[in-house]
Amino acid sequence: MASPAIPQAGADAVLPPVPPPGAVTPAKPVATSWLRRTLGMLRHHLKLGISLVVIAAIAWLFGPRLLLGPNVAVEVVSRANFVQSVVATGRVETPHRIGVGVQVTGTVKRVPVKEGQVVAAGETLIELEPSELAASVDAARHVVQAASARVRQIAEVQSPLAVQALRQAQLNHEATRDALARSEVLLAAGAIGEVARDDARRAEQVAAAQMASAERQVTSARSSGSDVAAAQAALAQAGAGADLARARLAYATVRAQRAGTLISRDVEPGDVVQPGRILMTLSPAGETQLVVQIDEKNLQMMRLGLTALVSADAYPKQRFAATVVYVNPGVDAQRGAVEVKLRVPSPPAYLKQDMTASVDIQIARRDSATLVPSDAVHDPESAAPWVFRITGGHVRRTAITLGLRSGGLSEVLTGVSAGDRVVPAANPSVRDGARVRATLPVIAK
């Protein structure tokens, strides 16, 4: 006969000894039965407690979302002074640049300036070897002296001689004329023949021709005569040649026509240079301009007189003022951009040619404007823009009217007020009428 099973009271219970075969099993003790019931109740309450804790955790985690809706990041509508601006990048330029070259062929003797140097008007930039040009000046001076001597010769020698020759011709003509008259009388008296009278007539005619020639020579030698005019013309031509030679000699020294900064130099002593080649580039001192490229979509907002704040990329914390003075009427088809020039009335000392600058052109200004982040506006380019506004714990689609827009903010004329909360348009899970819990963005300190 098998032995009956012995109940276990617990992990620490001591097993009773197994009775020998044939022994009578005693009755179960009352304490063992009570312990079993107690342990069973404890296990039941433990299971119930664990179930309640799990239910409470689920309710704590998912209850608010089910009852109040999901957490949604929102932006707050604000009120502030607002400036609409167009931001562009450009470069510093002067209205024009001067290309420096030579006007005569020659060999460079000296280059006394360096690239980047500030030069004054009239300062020497390039010197050529001047010996050949100086010799041309000397030759031209001698030609002038010869022409001047010819003018003096006419006045001092040729003119008096012409007057004397005329006087002699007049006297000779008077004598031949008297001789002809006597010959006529003698011929009539039969004292001479016709041959003698004809000889006297020919002598009178020759004397008359000589007198006429002498008169023309006197006229030519006068101050208004042709000889004097020719001599004076030769003198003037010689003087012009001398001026040209001196000018060419002056070309041997290239000077700055205006004060400015030498921004490039491509010549060295010993170089053989010719006209037509740019050897240096001079940026004249004076007005400074900024040349920027504006996206063509902003062309309608551009106009002369707009003010701007500018910062050079090399000095980003220092800003200076500029004014729009030119808007190109054409559009660059390659870049879809419009060239705009701005005048800098008071350029800072650190501003250099070709510096890159960031330009913030102020288009319009509004005081106490209602502003909403542009990323919260749906269909901003359409005729009916709108936002998701949080009201009463629900999302409501709200139509708005937009004004100025710039720098990630949009002015709202109607539809929302300062303090309203709106949902960014980038959140695709939000639906009109949904219950949500608004979460403001955390501002980093």
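Located above this text is the structure these notes cover.
**Some points on a nonpolar patch on the surface**
Where nonpolar side chains cluster on the molecular surface, the patch consists of L35, L39 and L42 and spans about 230 Å² of accessible area. Its location among the elements puts L42 in helix α1 (residues 30–68).

**Looking at the pattern of salt bridges**
Counted according to the given criterion, the structure contains 14 salt bridges. In this structure, E184 and R197 form a salt bridge, with 3.4 Å as the shortest nitrogen-oxygen distance. One end of the pair, E184, is in helix α2 (residues 131–189); the other, R197, is in helix α3 (residues 194–221), with 13 residues separating them in the sequence. R197 gets classed as buried once you look at its relative accessible area, which sits at 12%. E411 is the partner of R366 in a salt bridge, and the nearest nitrogen-oxygen pair spans 3.0 Å. A residue pair is termed long-range when its members are at least 10 positions apart, and R366 in strand β16 (residues 356–373) and E411 in strand β20 (residues 409–414) qualify at 45 residues. Overlapping salt bridges bring together E184, R197, D198 and R201 as one network.

**Looking at the pairing of strand β17 (residues 386–391)**
In this sheet, strand β18 (residues 394–399) lies alongside β17 in antiparallel orientation, the contact comprising 6 bridges. Residue pairing for β18: W386 is matched across the bridge by A399. Counting the residues that bridge the hairpin from β17 to β18 gives 2 residues, and of these G392 lies at a positive phi of roughly 60°. Across 3 bridges, the pairing between β17 and strand β21 (residues 421–423) is antiparallel. Directly across from F388, in β21, lies its bridge partner V423.

**Brief notes about the nonpolar core**
Ranked by internal contacts, the top residues of the largest apolar core, which has 24 residues, are L290, I294, M302, L342, V359 and I361. Counting only elements with at least two residues in this core, the list comes to β3 (78–93), β12 (288–295), β13 (307–312), β14 (319–327), β15 (337–344) and β16. Broken down by element, the residue count for this core peaks at 4 residues, all from β16. Judged by nonpolar contacts, the second largest core, of 21 residues, contains V100, V102, V104 and A256.

**Quick look at the sheet that holds strand β10 (residues 272–273)**
Spatial strand order, β8-β7-β5-β10: 4 strands in an open sheet with antiparallel pairing. Looking at strand neighbours, the two that pair on one side only are β8 (253–255) and β10, the edges of this open sheet. Across 2 bridges, the pairing between strand β5 (residues 106–110) and β10 is antiparallel. The partner of G106 across the bridge, within β10, is V273.

**Brief notes about the environment of A146**
By the element assignment, A146 lies in helix α2. Here A146 falls in the partly exposed class, since its relative accessible area comes to 48%. Taking the C-alpha atoms as reference, A146 lies 8.7 Å from A238; in sequence the two are 92 residues apart.

**Observations regarding the packing of aromatic side chains**
Taken as a whole and judged by the stated rule, the model has 2 aromatic pairs. Geometrically, the ring pair formed by Y315 and Y350 is tilted, given 4.2 Å between the ring centres and 35° between the ring planes. Here Y315, found in the loop between β13 and β14, pairs with Y350, found in the loop between β15 and β16; they are 35 residues apart in sequence, far enough to count as distant. Classification of Y315 by relative accessible area gives partly exposed; the value is 33%. Here W386 and F388 contribute two aromatic rings whose centre-to-centre distance is 5.0 Å and whose plane-to-plane angle is 80°, an arrangement assigned as edge-to-face. Lying across the ring of Y326, K341 places its NZ or CZ 5.4 Å from the centre. In this arrangement the basic side chain of R397 is found over the ring face of W386, its NZ or CZ atom lying 3.8 Å from the centre.

**Quick notes on the sheet that holds strand β2 (residues 75–76)**
Hydrogen bonds along the backbone pair up the strands of a sheet, which may run parallel or antiparallel. Spatially, the 4 strands line up as an open sheet ordered β2-β21-β17-β18, and their pairing is antiparallel. Each having just a single partner strand, β2 and β18 make up the two edges of the open sheet.

**Digging into the packing of α2 against helix α4 (residues 226–250)**
A pair of packed helices can be characterised by two numbers: the angle between their axes and the separation between those axes. With their axes 8 Å apart at the nearest point, α2 and α4 run at an angle of 165° to one another. By the criterion of interaxial angle, the relationship of α2 to α4 is roughly antiparallel. Crossing geometry of α2 relative to α4 is assigned as left-handed. The residue inventory of the contact of α2 with α4, partitioned by class, reads 17 nonpolar, 6 polar and 4 charged.

**Digging into unusual backbone geometry**
For D354, which is not a glycine, the phi torsion comes out positive at approximately 70°. Locating D354 in the fold gives a position in the loop between β15 and β16. Using a relative accessible area of 36% as the deciding quantity, one classes D354 as partly exposed. The phi dihedral of S368 falls on the positive side, at around 55°, and the residue is not glycine. The class for S368 is partly exposed, based on a relative accessible area of 45%.

**Things to note about the packing of α2 against α3**
Contact pair α2 / α3: the axes reach a minimum separation of 7 Å and the direction vectors enclose 160°. Considering their axes alone, α2 and α3 lie roughly antiparallel with respect to each other. The hand of the α2/α3 crossing is left-handed. The residue inventory of the contact of α2 with α3, partitioned by class, reads 18 nonpolar, 9 polar and 7 charged.

The rules behind each value
- Throughout this description, residue numbers start from 1 for each chain and increase along the sequence as written.
- Selection of residues for local features in this predicted model requires a pLDDT of at least 70, selection of side-chain atom pairs for listing and counting requires 80 or more, and totals for whole chains, interfaces and linings are taken over all residues.
- Side-chain descriptors were evaluated using all non-hydrogen atoms of the structure, hydrogens and water having been removed beforehand.
- The patches reported here contain residues having more than 30% relative accessible area and no salt bridge. Joining distances are 9 Å for like charges and 5 Å for nonpolar side chains (Val, Leu, Ile, Met, Phe, Trp, Tyr).
- Computed by Shrake-Rupley with a 1.4 Å probe, the accessible areas treat only the displayed protein chains as cover when residues are assessed.
- Whenever Lys or Arg places a side-chain nitrogen within 4 Å of a carboxyl oxygen from Asp or Glu, that contact is recorded as a salt bridge.
- Helix numbers and strand numbers start at the N terminus; a helix is a DSSP run of H or I with at least 4 residues, a strand a run of E with at least 2.
- Exposure classes here rest on a 1.4 Å probe applied to the protein chains alone. A residue is buried below 20% of its type maximum, exposed above 50%, and partly exposed in between.
- DSSP calls a pair of strands paired once it identifies at least 2 bridges connecting them.
- Among the buried residues, those of types Ala, Val, Leu, Ile, Met, Phe, Trp, Tyr and Cys that are joined through side-chain atoms within 4.5 Å form a nonpolar core.
- Aromatic rings from Phe, Tyr and Trp, taking only the six-membered ring of Trp, are treated as a pair when their centres fall within 6.5 Å; an angle between ring planes under 30 degrees marks them as stacked, one over 60 as edge-to-face, and anything in between as tilted.
- For a lysine, the NZ atom is tested; for an arginine, the CZ atom; a charge sits over a ring if that atom is within 6 Å of the ring centre and within 35 degrees of the ring normal.
- Axes here mean lines fitted to C-alpha atoms, for a helix over just the part in contact, with angles spanning 0 to 180 degrees between N-to-C directions.
- Any angle that is under 35 degrees is reported as roughly parallel, and any over 145 degrees as roughly antiparallel; angles of 65 to 115 degrees are reported as roughly perpendicular and all others as oblique.
- Note: crossing handedness is left-handed where the near helix turns anticlockwise from the far helix by less than a right angle, and right-handed where it turns clockwise.
- In the scheme used here, Gly and all other residues not listed as nonpolar or charged are polar, with Ala, Val, Leu, Ile, Met, Phe, Trp, Tyr, Cys and Pro taken as nonpolar and Asp, Glu, Lys and Arg as charged.

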